[in-house]
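An overview of the molecular structure
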Amino acid sequence: MRDPYTVLGVARTASEAEIKSAFRKLAKKYHPDANGADASASALFNEANQAYEILGDKEKRGQFDRGEIDAEGKVKFQGFSGFGGGGGGSPFGGPGASSGSFDFRSGAGADIPGAENIFGDFFEQAFGAKRGARSGFTAARNTPSKGEDINATLKVRLEDVVSDEKVEAIFPNGKRLAIRLPEGVEDGQVIRLRGQGQPAVFNGGPAGDALVTISFADHARFSVTGRDLLLEQNVDLETAVLGGRVTVETLEGRVATKIQPWTTSGRTLRLKGKGLTRKDGGRGDILVTLSIALPAQPDPELTALFEKRRDERG
């Protein structure tokens, strides 16, 4: 896979927000739902998702920047001090050894006692092979290939975001998966369900992954800004003048809040902890903008009151 910074088109000094923004643009552009059966778009979508898995995770990004993992998130082989040129001598520190090379020999007549066992242990540790099994590059070459990934877009209600209940994703092949949304899930975020994709075709390899793109459905009352929800709330004239309690519909039911006398239109109330979930387990807020509303039907008494006030003012 290519360098994840190159895939997302961002500099190595890019902020978390810049990385997230670049990923969202690519995910929207190459998402399978928008490109039909275009295999190249699907490949670019998967590549962007893999790049974001590295750069969107602070710890993994640090590991990649330090060269500890590769672009696929796999641990890199760092080599062994003492091998190669530069300082002369053998990796075992013996006198007179040649610089920059080493002769791997085993069996009868080997110059270094125990070399066969030493390098057998070396390859077991480096490549995870067991004695008597195929190891090294042969094992890597024979590693079974992974099955194809599958993709789906899951529209979720804002109520689903704050609920502990699972939601169901339906894939183009008819497969259904019930998933629990993570804390702080965002609009456009891609959730990877490992091993839930297509089975491998050859060599009994692992199944592919299921990639679920989260899409927030429009809400009848709320608009979203970050983890906060915005709401416009009508207040009758009497309550605005005299003060009182106003009932506000939240994602989880009704709550009553108090407003002060002589409240004017445009004032904003904050209902703490009633917004969307955050990654730290907390919640955003609901910001309620008040708007003074006249009665639905003309009120003769109210009309007479204001007529009298107008007449008194001349």
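You'll find the structure just up there.
Structure report, in brief. Being a predicted model, the structure only gives us computed values, none of them experimental.

As a further point, take the nonpolar core. Core analysis: the biggest nonpolar cluster contains 35 residues, and Ile179 and Ile214 have the highest contact counts within it. When neighbours within four sequence positions are excluded, Ile214 is seen to be in contact with Leu154, Val156, Leu181, Val185, Glu186, Asp187, Gly188, Gln189 and Ile191. The next biggest cluster of nonpolar side chains, apart from the first, holds 22 residues, and it includes Phe23, Leu26, Ala48 and Ile54.

Moving on to the sheet that holds strand β7 (residues 228-236). Taken together, four strands build an open sheet; the order of strands is β6-β7-β11-β10 and the sheet is mixed. The sheet is open, and its two borders are formed by β6 (223-225) and β10 (268-271), each paired with just one other strand. Strand-to-strand, the axes of this sheet are offset by a mean angle of 35°, without reference to chain direction. Alignment of β7 against strand β11 (residues 286-293), held across eight bridges, turns out to be parallel. When the bridges of β11 are listed, Leu231 appears paired with Val288.

The next point concerns the packing of helix α4 (residues 39-55) against helix α5 (residues 58-65). Direction vectors running N to C along α4 and α5 enclose 95°, while the axes themselves pass 6 Å from each other. When the axes of α4 and α5 are compared, the pair comes out roughly perpendicular. Contacts from Glu53, Ile54 and Leu55 of α4 reach α5 at Lys60, Arg61 and Phe64. The residue makeup of the contact of α4 with α5, split by class, is three nonpolar, no polar and three charged.

Another aspect to go through is unusual backbone geometry. Its identity as a non-glycine residue notwithstanding, Trp262 has a phi of 55°, on the positive side. Take Trp262: its relative accessible area is 69%, and that puts it in the exposed class.

The topology assignment puts Arg61 in helix α5. For the buried Arg61, no salt bridge exists, and the shortest N-O distance to an oppositely charged side chain is 4.0 Å, to Asp65. A distance of 2.9 Å separates a polar atom in the side chain of Arg61 from a polar atom in the side chain of Tyr5. Sequence-distant contacts of Arg61, defined by excluding residues within four places in its chain, comprise Tyr5, Arg12, Thr13, Ala14, Ile19, Ile54 and Leu55.

This model, assessed by the stated rule, comprises 20 salt bridges. Arg270 is paired through a salt bridge with Asp285; the nearest N and O atoms lie 2.8 Å apart. Residue Arg270 is located in strand β10, and its partner Asp285 is located in the loop between β10 and β11; the two are separated by 15 residues in the primary sequence. You can call Arg270 partly exposed: its relative accessible area is 47%.

A few words now on the packing of helix α2 (residues 16-30) against α4. Between α2 and α4, the least distance of the axes is 9 Å, while the angle of their chain directions is 160°. In this view, α2 runs roughly antiparallel relative to α4, as classed from their interaxial angle. Crossing of α2 against α4: the hand is left-handed. Between α2, through Ile19, Lys20, Phe23, Leu26, Ala27 and Tyr30, and α4, the contact on the second element is made entirely by Ala41, Ser42, Leu44, Phe45, Ala48, Asn49, Tyr52 and Leu55. Of the residues assigned to the contact of α2 with α4, the class counts are 11 nonpolar, two polar and one charged.

Our focus in this paragraph is the environment of Thr247. Tracing the backbone through its elements, the reader meets Thr247 in strand β8 (residues 244-250). With a relative accessible area of 45%, Thr247 lands in the partly exposed category. Sequence separation between Thr247 and Lys258 is 11 residues, and the spatial gap between their C-alpha atoms is 8.8 Å.

This paragraph deals with the sheet that holds strand β1 (residues 150-156). Taking strand neighbours across the sheet as the criterion, the three strands line up as β1-β5-β4 in an open arrangement whose pairing is mixed. At either end of the open sheet lies a strand with only one pairing partner, and these are β1 and β4 (190-193). When the angles between neighbouring strand axes are averaged without regard to direction, this sheet yields 25°. Sheet analysis places β1 next to strand β5 (residues 210-216), joined by seven bridges and oriented parallel. Paired with Asn151 across the strands is Leu211, a residue of β5.

What follows concerns α2. Taking 1.5 Å of rise per residue, 15 residues should cover 21 Å, and α2 covers 21 Å from first to last C-alpha, within 8% of that figure. For α2, the set of buried residues is Ile19, Ala22, Phe23, Leu26, Ala27 and Tyr30. Down the axis of α2, the buried side of the element spans an arc of 135°, and every buried residue falls inside it. Exposed and facing more than 90 degrees away from the buried side of α2 are Ala17, Lys25, Lys28 and Lys29. Where α2 is buried, its residues meet α1 (4-8), α3 (32-35), α4, α5 and β4.

Moving on: the pairing of β5. Counting buried positions along β5 gives seven out of seven residues, so the element sits mostly inside the fold. Every second residue of β5 is oriented toward a common face, with Ala210, Val212, Ile214 and Phe216 on one face and Leu211, Thr213 and Ser215 on the other, all of them buried. Where β4 and β5 come together, four bridges link them in antiparallel fashion. Bridge pairing in β5 links Ile191 to Val212.

Each value, and the rule that gives it
Every chain begins its residue count from 1, and numbering advances along the sequence as written. Residue-level local features of this predicted model are given only where pLDDT is at least 70; pairs of side-chain atoms are given and counted only at 80 or more, and the full residue set underlies all totals for whole chains, interfaces and linings. Side-chain metrics in this entry use all non-hydrogen atoms of the structure; hydrogen atoms and water are not considered. The nonpolar core is taken to be a set of buried Ala, Val, Leu, Ile, Met, Phe, Trp, Tyr and Cys residues, with the residues joined through side-chain atoms within 4.5 Å. For every residue, the accessible area obtained with a 1.4 Å probe (protein chains only) is divided by the maximum for its type, and the residue is called buried under 20%, exposed over 50%, and partly exposed between those limits. Contacts are residue-level and defined by heavy atoms, with any inter-residue pair within 4.5 Å sufficient. Two strands are said to pair when DSSP picks up at least two bridges between them. Comment: elements are numbered from the N terminus, with helices defined as DSSP H or I runs of at least four residues and strands as E runs of at least two. Axes, fitted as lines to C-alpha atoms, cover a helix only where it is in contact. Angles between the N-to-C directions of the axes lie from 0 to 180 degrees. In this scheme, roughly parallel covers angles under 35 degrees and roughly antiparallel covers those over 145, while 65 to 115 is roughly perpendicular and the rest are oblique. Amino acids outside the nonpolar list (Ala, Val, Leu, Ile, Met, Phe, Trp, Tyr, Cys, Pro) and the charged list (Asp, Glu, Lys, Arg) are all regarded as polar, and Gly is one of them. For this count, His and the chain ends are skipped, Lys and Arg are scored as positive, and Asp and Glu as negative. We count a salt bridge whenever a side-chain nitrogen from Lys or Arg sits within 4 Å of a carboxyl oxygen from Asp or Glu. Throughout this description, a polar contact denotes any pair of N or O atoms lying within 3.5 Å of each other; where both atoms belong to protein, one of them has to be capable of donating a hydrogen while the other can accept it, and for residues adjacent in sequence the pair is counted only when both atoms sit in side chains. Rotating anticlockwise by less than a right angle from the far helix to the near helix defines a left-handed crossing, while the corresponding clockwise rotation defines a right-handed one. Expected helix span is computed as 1.5 Å times (number of residues minus one). The directions considered for the arc are those from the helix axis to the C-beta atoms.

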